[in-house]
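Inside the fold
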Amino acid sequence: MQVAVFLRNKIERQIKWNGQEFEFLRLKKNEHHELTDEIEKTFKLNGVFHEGGGYSGMLNIEMYGRDGGRTVTKMKPMILCLYEGGVNLDTDDVVYIGDYKYHIVEKNDIKNLKIAFEISLEIDNGRS
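Now for a quick tour of the structure. (Residues numbered from 1 in each chain as written. Predicted model: local features only at pLDDT ≥ 70, side-chain atom pairs only at ≥ 80, totals over all residues. Heavy atoms only, no water.)

Some points on the packing of aromatic side chains
Any two aromatic rings considered together are summarised by their centre-to-centre distance and by the angle between their planes. Stated formally: Think of it this way: a Phe, Tyr or Trp ring, Trp meaning its six-membered ring, pairs with another when their centres are within 6.5 Å, and the plane angle makes it stacked under 30 degrees, edge-to-face over 60, tilted otherwise. What counts as a helix is a DSSP run of H or I of at least four residues, what counts as a strand is a run of E of at least two, and both are numbered from the N terminus. Ring-over charges, as used throughout, are those where CZ of Arg or NZ of Lys falls within 6 Å of the ring centre and within 35 degrees of the ring normal.
Within this structure, the stated rule accounts for two aromatic pairs. With centroids separated by 6.0 Å and ring planes inclined at 55°, the aromatic side chains of Phe49 and Tyr102 adopt a geometry described as tilted. Linking Phe49 in strand β2 (residues 35-52) with Tyr102 in strand β6 (residues 100-109), this pair joins segments that are 53 residues apart in sequence. Taken together, a centroid distance of 4.9 Å and an interplanar angle of 20° make the contact between Tyr83 and Phe117 stacked. A residue pair is termed long-range when its members are at least 10 positions apart, and Tyr83 in helix α3 (residues 83-86) and Phe117 in strand β7 (residues 116-123) qualify at 34 residues. Positioned above the aromatic ring of Phe117, the side-chain terminus of Lys107 is 4.8 Å from the ring centre.

Shown next, in the form of structure tokens:
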């Protein structure tokens, strides 16, 4: 249990020093379960925006041509936040960071300790 407390304090300190406030929007869905432009709910949380690495943070794209193939590795945008901040978030919630709109793709409870979430994002390609 002391390891969990140490880990939580370490993440909380990192968020306080390097984090920023994010406002997530939950959009209403129509009768066909498609997202509309109407805002149903907003959530504010503090977190650290980063591009993920490691096993789940890498996006590998393999492209094959006539002469051979190549692998392009891209980093996935992610937000690290405390458990209390991210517990109410859902997939398809939206956040604006800079000039870009991102959707939540996945929300992972780090080591299943209910300390912090790693929120995976996907950029919205021009759909505002």
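On we go from here.
Here's the deal with unusual backbone geometry
Selection criterion: Exposure is judged per residue with a 1.4 Å probe applied to protein chains only, and the accessible area is read against the type maximum: over 50% gives exposed, under 20% gives buried, and values in between give partly exposed.
Although it is not a glycine, Asp92 adopts a positive phi angle of roughly 75°. Positive phi, close to 55°, is recorded for Asn112, a residue that is not glycine. Along the chain, Asn112 falls in the loop between β6 and β7. Its relative accessible area of 65% is what places Asn112 among the exposed residues.

Let's talk about the pairing of strand β1 (residues 20-29)
Our working rule: Criterion used throughout: strands pair if DSSP finds at least two bridges between them.
Of the pairings in the sheet, the one linking β1 to β2 comprises nine bridges and is antiparallel in character. Within β2, the position partnered with Phe22 by the bridge is Leu45. The turn linking β1 back onto β2 is made up of five residues, and His33 within it adopts a positive phi angle of 60°. Of the strand pairs in this sheet, β1 and strand β5 (residues 94-97) are connected by two bridges, and their pairing is antiparallel. In the sheet register, Phe24 faces β5, and the bridge partner there is Val95.

A few points about the environment of Tyr102
Note the following rule: Residue contacts are counted whenever heavy atoms from the two residues lie within 4.5 Å of one another.
The buried category is assigned to Tyr102, whose relative accessible area is 9%. Discounting residues that sit within four places of it in the chain, Tyr102 has contacts with Phe49, Pro77, Asp93, Val94, Val95, Ile97, Leu121, Glu122, Ile123 and Asp124.

A look at the pattern of salt bridges
Worth spelling out the cut-off: Within this document, salt bridges are pairs made up of a side-chain nitrogen of Lys or Arg and a carboxyl oxygen of Asp or Glu, the two lying within 4 Å of each other.
Evaluated as defined, the whole model comprises four salt bridges. Ionic pairing is found between Arg26 and Asp93, a salt bridge with its closest N-O pair at 3.0 Å. In this pair, Arg26 sits in strand β1 while Asp93 sits in the loop between α3 and β5, placing the two residues 67 residues apart along the sequence. Both residues of the pair, Arg26 and Asp93, count as buried. Of the charged contacts, one joins Asp124 and Lys101 as a salt bridge, the two residues approaching to 3.6 Å between their closest N and O atoms. Taken together, the positions of Asp124 in the segment after β7 and Lys101 in strand β6 put the pair 23 residues apart, joining distant regions of the chain. Overall, Asp124 belongs to the buried group, its relative accessible area being 7%. Lys101 gets classed as buried once you look at its relative accessible area, which sits at 10%.

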